[in-house]
Amino acid sequence: MSDLTSSAHVAQAGSTPQGETQWISSAADVSRLVNHSHTSRSNARIVIAIALGGVFLDAYDLGALAFGMKDVTREFNLTPAGAGMVASAITFGAIIGALIGGYLTDKIGRYRVFMADMFFFVVAALACAFAPNEYVLTGARFVMGLGVGIDLPVAMAFLAEFSKLRGQGNKAASVAMWCPTWYAAISISYLLVLLLYAVLPESHTDWLWRLILGFGAVPALLIIAIRSRYMSESPVWAANQGNLHGAADILRSAYNINAQVAEDAALHQAQPVRKASWRNYGALLQGVYRRRTLLATVTSIASSFAYNAVAFGLPVIISSFLAQSMLTTILVSLALNLLFAFVGGLLAVRLVPRLGAWKMSVAGYSCQCIALLGLALIGRPEGGEQAAVAIAMLALFLFGQGFGPGSHTMTFASLSYPTSLRGIGVGFNQTLMRGSSTVSLFVFPLLVAAFGTGVFWVILLAPLAGLLALLTIRWEPSGYDVDAEDFH
């Protein structure tokens, strides 16, 4: 066993369990205690919150440059190709980062990968803020993209592996929290733009994009500062590496479980859990995982394509409905995201333990199909009444995204695979989803130019594909003990 996998980081802060001793003899025992124990797990909740901080950084950094590209283009005198290079660098980095990050998450552990990608965020954010030219900015955005891509697999692993199996706050609910966290980050980036726009002197407005990008280093530094006190390695991952003593330490510290390693424990298991390997990507397309991977992939690509086309084109769409200032467009976009997408995400977290991810995804895609059909039939609104209906359809689309696929595509990606495959499962999913996002952002302006408001007929195909995939493959990950598959 290598040094990379033989140790497990245990948080400095933690409770001293007083309950009945729980003897562990195998990784399966550790998984059972994590999934079924009802003891107070305050540190585990803190780990989940810190992991969500990584998701916050992902969303913030992906959206931070949206309102600053005009200033970047002017300052560096960029051609359209140069502007595209700067804008797309982060997405290309994220595609590569997701593929590598999924493997590393399973290979060297959740804690090490998470802390490494925090340094990516800090260095890249500061490099963006002080970039002297477009080439440094592009390189820094690419490095930031690597951090963004690496972070999702490890963040989802933390959310899944520090949560219980059933009931309120279960694994599906914890994973679904990524969605409202994402919308909150996008909204905060909007608000930060407005705040800085209001307080910066007119002679220094060219600082705006630098301040927004550089601010991304602040939460990353905060996470780094508190990591040793509250963050621990995943106990199930540690146990899967044969480190039962490290897993027991984490259970005592983070879960308030009085876990002790039995004297006759099989420290070197006769049937070792699947080892991390690049070949495990092939395992995603074999056996029971083939159908799950197909469902997770189709729903993620469909969700990403439709959401990016509508949400990132929202200012353009709204301004085409009504003649208004850019400030009003930003405020309406912000309100729609907060009141409908964000609220839908919060409802998803609350209701998924009872309704399940499959039913909620079906409902969400159905809302999106109705909304896009309505927008396609209305076309360009004539008069205030039609404009109000069109805005309502946009709200319905965003609510369906938050309530359904926006929250639960990650549930399917994270909870369709046991601990030994979770990193590469999410990494594979994110690589394809980021690719879909890139295509969507590139194609949407071309589709609008070609079809006008008829573009909604084209976008409608995406939620229809997601809905058909769900109706064809009826897989419900919420409440299912997928980690047990590592031990069968």
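Residue indices follow the written sequence of each chain, beginning from 1 at its first position. Note on the predicted model: pLDDT of at least 70 is required for a residue's local features to be given, and 80 or more for side-chain atom pairs to be given and counted; whole-chain, interface and lining totals, by contrast, use all residues. The side-chain numbers reported here are obtained from all heavy atoms of the structure, hydrogens and water having been left aside.

Enquirer: Report on the overall build of the chain, specifying residues and quantitative values.
Expert: A run of DSSP states H or I qualifies as a helix once it reaches four residues; a run of E qualifies as a strand once it reaches two. Both are numbered from the N-terminal end. The number of helices and strands found in the chain is 23 helices and 2 strands. Counting all 488 residues of the chain, 59% fall into the buried class. A sequence separation of at least 24 residues applies to 84% of the contacts in the chain between residues at least 6 apart. In the form shown here, the chain has an accessible surface area of approximately 19,300 Å², with 66% of it arising from carbon and sulfur atoms. For each residue, the accessible area found with a 1.4 Å probe, counting protein chains only, is set against the maximum for its type, and the residue is called buried under 20%, exposed over 50%, and partly exposed in between. Residue contacts are defined here by distance: any two heavy atoms, one from each residue, within 4.5 Å place the two residues in contact. The method behind every accessible area is Shrake-Rupley, applied with a 1.4 Å probe, and residues are considered shielded solely by the protein chains displayed.

Enquirer: Any chance you could break down helix α13 (residues 244-255) for me, citing the residues and the numbers?
Expert: One less than the number of residues in a helix, times 1.5 Å, gives the span that helix is expected to have. Its 12 residues place the ends of α13 15 Å apart at the C-alpha level, agreeing with the 16 Å of an ideal helix rising 1.5 Å per residue. Taken together, the buried positions of α13 are occupied by Leu244, Gly246, Ala247, Ala248, Ile250, Leu251, Ser253, Ala254 and Tyr255.

Enquirer: Describe empty space enclosed by the protein, naming the residues involved and giving the relevant values.
Expert: With a 1 Å grid laid over protein atoms only, a set of points is called a cavity when a 1.4 Å probe fits there but cannot get out and a pocket when it is open yet has protein on both sides within 12 Å along at least five of seven lines; lining residues have an atom within 4 Å of a point. Grid points are joined across faces, edges and corners, and a volume is the space filled by probe spheres set on the points. For the structure shown, the criterion picks out 1 cavity of 30 Å³ or more. Roughly 50 Å³ of internal volume is contained in the largest cavity. Taken together, Leu165, Asn170, Lys171, Ala172, Leu415, Pro477, Ser478, Gly479, Tyr480, Val482 and Asp483 form the lining of the largest cavity. Ten residue types, Ala, Val, Leu, Ile, Met, Phe, Trp, Tyr, Cys and Pro, are classed as nonpolar, four, Asp, Glu, Lys and Arg, as charged, and the remainder, Gly among them, as polar. Residues that form the lining of the largest cavity fall into these classes: 6 nonpolar, 3 polar and 2 charged.

Enquirer: Outline the side chain of aspartate 117, supporting the account with residue identities and numerical values.
Expert: The residue aspartate 117 is located in helix α6 (residues 110-129) in this model. Setting aside chain neighbours within four positions, we find aspartate 117 in contact with Gly147, Ile150, Asp151 and Val154.

Enquirer: If you had to explain the side chain of threonine 293 to someone new, which residues and values would you point to?
Expert: Tracing the backbone through its elements, the reader meets threonine 293 in helix α15 (residues 289-311). Residue threonine 293 is classed as buried on the basis of its relative accessible area of 2%. Whenever a nitrogen or oxygen atom comes within 3.5 Å of another N or O atom, the pair is scored as a polar contact, on the condition that within protein one atom can donate a hydrogen and the other can accept it, and that pairs from neighbouring residues in sequence are kept only if both atoms are in side chains. Here the side chain of threonine 293 touches tyrosine 417 through a polar contact of 2.6 Å, side chain to side chain. In this view, threonine 293 contacts Leu284, Leu285, Tyr417 and Phe428; residues no more than four positions away in its chain are not counted.

Enquirer: So what's going on with the packing of aromatic side chains? Residues and values would help.
Expert: Two rings from Phe, Tyr or Trp (for Trp, the six-membered ring) form a pair when their centres sit within 6.5 Å of each other. Planes less than 30 degrees apart are called stacked, planes more than 60 degrees apart edge-to-face, and all others tilted. Scanning the model with the defined rule gives 13 aromatic pairs in all. Taking the centre distance of 6.4 Å and the plane angle of 10° together, the rings of phenylalanine 56 and tyrosine 60 count as stacked. Taken together, the positions of phenylalanine 56 and tyrosine 60, both in helix α3 (residues 42-63) and 4 residues apart, correspond to about one turn of that helix. The same class applies to phenylalanine 56 as to tyrosine 60, namely buried. Geometrically, the ring pair formed by phenylalanine 399 and phenylalanine 403 is stacked, given 5.7 Å between the ring centres and 15° between the ring planes. Of this pair, phenylalanine 399 and phenylalanine 403 both sit in helix α19 (residues 384-403), 4 residues apart, which is roughly one turn of that helix. The class for phenylalanine 399 is partly exposed, based on a relative accessible area of 24%. Owing to a relative accessible area of 13%, phenylalanine 403 belongs among the buried residues under this scheme. Among the aromatic residues, those joined into a cluster by ring pairs are Phe114, Phe158, Phe162 and Tyr255. We call a charge positioned over a ring when the NZ of a Lys or the CZ of an Arg lies within 6 Å of the ring centre and within 35 degrees of the ring normal. One cation-aromatic arrangement involves arginine 292 over tryptophan 475; the distance from NZ or CZ to the ring centre is 4.1 Å.

Enquirer: Can you tell me about the nonpolar core, naming the residues and giving the values?
Expert: What is meant by a nonpolar core is a set of buried Ala, Val, Leu, Ile, Met, Phe, Trp, Tyr and Cys residues, joined one to another through side-chain atoms within 4.5 Å. Phe114, Met118, Leu137, Met156, Tyr255 and Ile459 are the most contacted members of the largest nonpolar core, which totals 139 residues. Of the residues forming this core, the biggest block, 12 residues, is contributed by helix α7 (residues 134-161). What counts as a domain boundary in this text is fixed by an automatic or database domain assignment. Two domains each provide a minimum of three residues to this core, namely domain 1 (21-265) and domain 2 (286-476). Among the nonpolar cores identified, the runner-up in size contains 8 residues, and Tyr281, Ala283, Tyr289 and Leu421 belong to it.

Enquirer: Help me get a handle on the pattern of salt bridges, residues and values and all.
Expert: The rule for a salt bridge is simple: a side-chain nitrogen of Lys or Arg has to be within 4 Å of a carboxyl oxygen of Asp or Glu. Under the defined criterion, the tally for this structure stands at 11 salt bridges. Where arginine 110 meets glutamate 161, a salt bridge forms, and the shortest distance between an N and an O atom there is 2.7 Å. Of this pair, arginine 110 sits in helix α6 while glutamate 161 sits in helix α7, and the two are 51 residues apart along the sequence. Grouping residues by exposure puts arginine 110 and glutamate 161 together as buried.

Enquirer: Lay out the environment of asparagine 280 with the relevant residues and their values.
Expert: In this fold, asparagine 280 is placed in helix α14 (residues 280-283). By relative accessible area, which is 9% here, asparagine 280 ends up buried. For the pair asparagine 280 and glycine 425, spaced 145 residues apart in the sequence, the C-alpha separation amounts to 9.0 Å. Sequence-distant contacts of asparagine 280, that is, excluding residues within four places in its chain, are made with Arg274, Lys275, Ser420, Leu421 and Ile424.

Enquirer: So what's going on with a nonpolar patch on the surface? Which residues, and what values?
Expert: Only residues whose relative accessible area exceeds 30% and that form no salt bridge are eligible for patches; like-charged ones are grouped when within 9 Å, while nonpolar side chains (Val, Leu, Ile, Met, Phe, Trp, Tyr) are grouped when within 5 Å. Together, Ile96, Leu99, Ile100 and Trp278 make up an exposed nonpolar region whose accessible area comes to about 340 Å². The residue isoleucine 100 is located in helix α5 (residues 80-108) in this model. On the basis of relative accessible area, isoleucine 100 is assigned to the partly exposed category, the value being 35%.

Enquirer: Requested: an account of the packing of helix α18 (residues 357-378) against helix α20 (residues 405-415), with residues and values cited.
Expert: Orientation is described by axes fitted as lines to C-alpha atoms, over the contacting stretch for helices, and by angles from 0 to 180 degrees between their N-to-C directions. Where α18 meets α20, the closest approach of the two axes is 9 Å, and the angle between their N-to-C directions is 140°. On the basis of the axis angle, α18 is oblique to α20. For the element pair α18 and α20, the recorded crossing hand is left-handed. Only Pro405, His408, Thr409, Thr411 and Phe412 of α20 make contact with α18, whose side of the interface consists of Ala357, Trp358, Met360, Ser361, Gly364, Tyr365 and Gln368. Split by residue class, the contact of α18 with α20 holds 6 nonpolar, 6 polar and no charged. When an angle is under 35 degrees it counts as roughly parallel; over 145 it counts as roughly antiparallel; between 65 and 115 it counts as roughly perpendicular; any other value is oblique. Crossing handedness: left-handed means the near helix sits turned counterclockwise from the far one by under a right angle, and right-handed means the same turn made clockwise.

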